[in-house]
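An overview of the molecular structure
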Amino acid sequence: MPNVVTSEEPPVQQGAPRSVLSSGNRRTGERLIRLALRLAASLAVVITFGIVIALLVPSIGFFAEVPVWEFLFGTRWAPRFADASFGVVPLLTATAWTTLIALAVAVPMGLGAAVFLSEYARPKWRRVLKPILEVLAGVPTVVYGLFALQFVQARVFREWLQLPTEAFSVLAAGIVMGIMIVPTIASISEDSMSAVPQAMRQGSAALGANRMQTTLRVVFPAALSGIIAAVVLGISRAVGETMIVAIAAGNQARIVTGPLEQGQTMTGFIANAALGDSRVGSIEYDTLFAVGLLLFLLTLLINAVAVRIVRRFREAY
């Protein structure tokens, strides 16, 4: 018999339309998520430009009356006096002192905590200790400021240690600010060290290195980019901290030559002067924006240097 070719339609797959619809819904959801992420990124850029404009416009009016050279290198800061002077060096010295003291406290403590959590603590202890450490980051800075003023400065320095200091000091503000920064440095550094592959630790141990040698010579260099990023973030927080220095460092704008002296930082001046009665548009009022612009540029410079350093030492595994 001749072969009879019959054409049969393929059976309809009932699941196909549902799969197509599911794929279409998934693509629509991905487009919406991508759009939301772009809007978030664009909003961050717009806010940054808004901050720059808000600082730059009043600062232009300020520098139209006060030379930039006098502002940056003048050694007397008295914008509200009859014989006004606008040298920002006293504010810079106090800011430098509090920042350096804070880093001297935060970097060793933060890196030590990160090394312990990453390399020595057992998993159950790590799950308990890390959240406790991060609780310090949630304490309001005004509480830290009162702690620095009432306990560290008044009780520890003046009563217990009998130090020749006044009611305020950059040392008390810097120490407490360093304690506040410890969770930031510790948490980011611990995440970077935990991201180092376990095979590198095992290889070091196979070569006869003990745990401390492995930590310092293998894990620490491998996580160096993340550790540098943590330290730079701590610097940015120290430079931009307001309430601790406004409460504990003092309000006298003078060149600080020692840690036991009091002094006014840039953020402390902004916090105190913003509550004053300066007329909007006056040169006294515009000093707030000039100091704020300088603070913004310093923070931008610190972050730009940090980005280059992180890119230089970044390693991928």
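Heads up: the structure comes first, above all this text.
Within every chain, residues take consecutive numbers counted from 1 along the sequence as written. Local features in this predicted model are restricted to residues of pLDDT 70 or higher, and side-chain atom pairs are both shown and tallied only at a pLDDT of 80 or more, whereas totals for entire chains, interfaces and linings draw on every residue. Only hydrogens and water are set aside when side-chain values are computed; all heavy atoms of the structure are taken into account.

A word on the overall build of the protein. When helices and strands are counted, the protein shows twelve helices and two strands. Only runs of H or I of at least four residues qualify as helices and only runs of E of at least two qualify as strands under DSSP, and these elements are numbered from the N terminus. Secondary structure elements of the protein, listed N to C terminal, follow the sequence α-α-β-β-α-α-α-α-α-α-α-α-α-α. It is over C-alpha atoms that the radius of gyration is taken, and the globule rule equals 2.2 Å times the number of residues to the power 0.38. For 317 residues, the compact-globule estimate of 2.2 N^0.38 gives 20 Å, and the protein exceeds it by more than 25% at 28 Å. Dimensions of the protein, computed from C-alpha atoms along their principal axes, come out at roughly 120 × 60 × 35 Å. Buried positions account for 38% of the 317 residues belonging to the protein. Contact criterion: two residues are considered in contact whenever any of their non-hydrogen atoms come within 4.5 Å of each other. Long-range contacts, defined as pairs at least 24 residues apart, comprise 70% of the intrachain contacts of the protein with a sequence gap of at least 6. Just so you have it, the protein exposes about 18,600 Å², and 66% of that area is on carbon and sulfur atoms. Positive residues here are Lys and Arg, negative ones are Asp and Glu, while His and the chain termini are left out of the count. Lysine's charge is taken at NZ, arginine's at CZ, aspartate's at CG and glutamate's at CD. Between the centroid of the 25 positive side chains of the protein and the centroid of its 18 negative side chains there is a distance of 11 Å. Residue exposure (1.4 Å probe, protein chains only): buried if accessible area is under 20% of the type maximum, exposed if over 50%, otherwise partly exposed. Accessibility throughout is a Shrake-Rupley quantity obtained with a 1.4 Å probe, and a residue counts as covered only by protein chains that appear here.

Relative to each other, helix H4 (residues 123-135) and helix H6 (residues 170-194) sit at 145 degrees, their axes nearing to 9 Å. Here Arg126, Lys130, Leu133 and Glu134 of H4 come into contact with H6, specifically with Val182, Pro183, Ala186, Ser187, Glu190 and Asp191. Three categories are distinguished: nonpolar for Ala, Val, Leu, Ile, Met, Phe, Trp, Tyr, Cys and Pro, charged for Asp, Glu, Lys and Arg, and polar for the others, with Gly belonging to the last. When its residues are assigned to classes, the contact of H4 with H6 shows four nonpolar, one polar and five charged. Helix axes are fitted to C-alpha atoms over the stretch in contact, other axes to C-alpha atoms as well, and angles between N-to-C directions run from 0 to 180 degrees.

The subject of this paragraph is the packing of aromatic side chains. Aromatic rings from Phe, Tyr and Trp, taking only the six-membered ring of Trp, are treated as a pair when their centres fall within 6.5 Å; an angle between ring planes under 30 degrees marks them as stacked, one over 60 as edge-to-face, and anything in between as tilted. Counted under the stated rule, the structure contains eleven aromatic pairs. Both rings, one in Trp77 and one in Phe269, keep their centres 5.1 Å apart while their planes meet at 90 degrees; by these two values the pair is edge-to-face. With a gap of 192 residues between them, Trp77 in strand E1 (residues 77-78) and Phe269 in helix H11 (residues 266-273) connect regions that are remote in the sequence. On the accessibility criterion, Phe269 (5% relative accessible area) is buried. Feature note: the residues Phe62, Phe63, Phe71, Trp77, Phe86 and Phe269 constitute an aromatic cluster, connected by ring pairs.

The topology assignment puts Thr287 in helix H12 (residues 283-313). Pairs of N or O atoms are called polar contacts if they sit within 3.5 Å, as long as, within protein, a hydrogen donor faces a hydrogen acceptor (for residues adjacent in sequence, only side-chain-to-side-chain pairs). At 2.4 Å, the side chain of Thr287 and the backbone oxygen of Glu284 are in polar contact. With residues near it in sequence (within four places) discarded, Thr287 still touches Phe62, Trp77, Pro79, Phe86 and Phe269.

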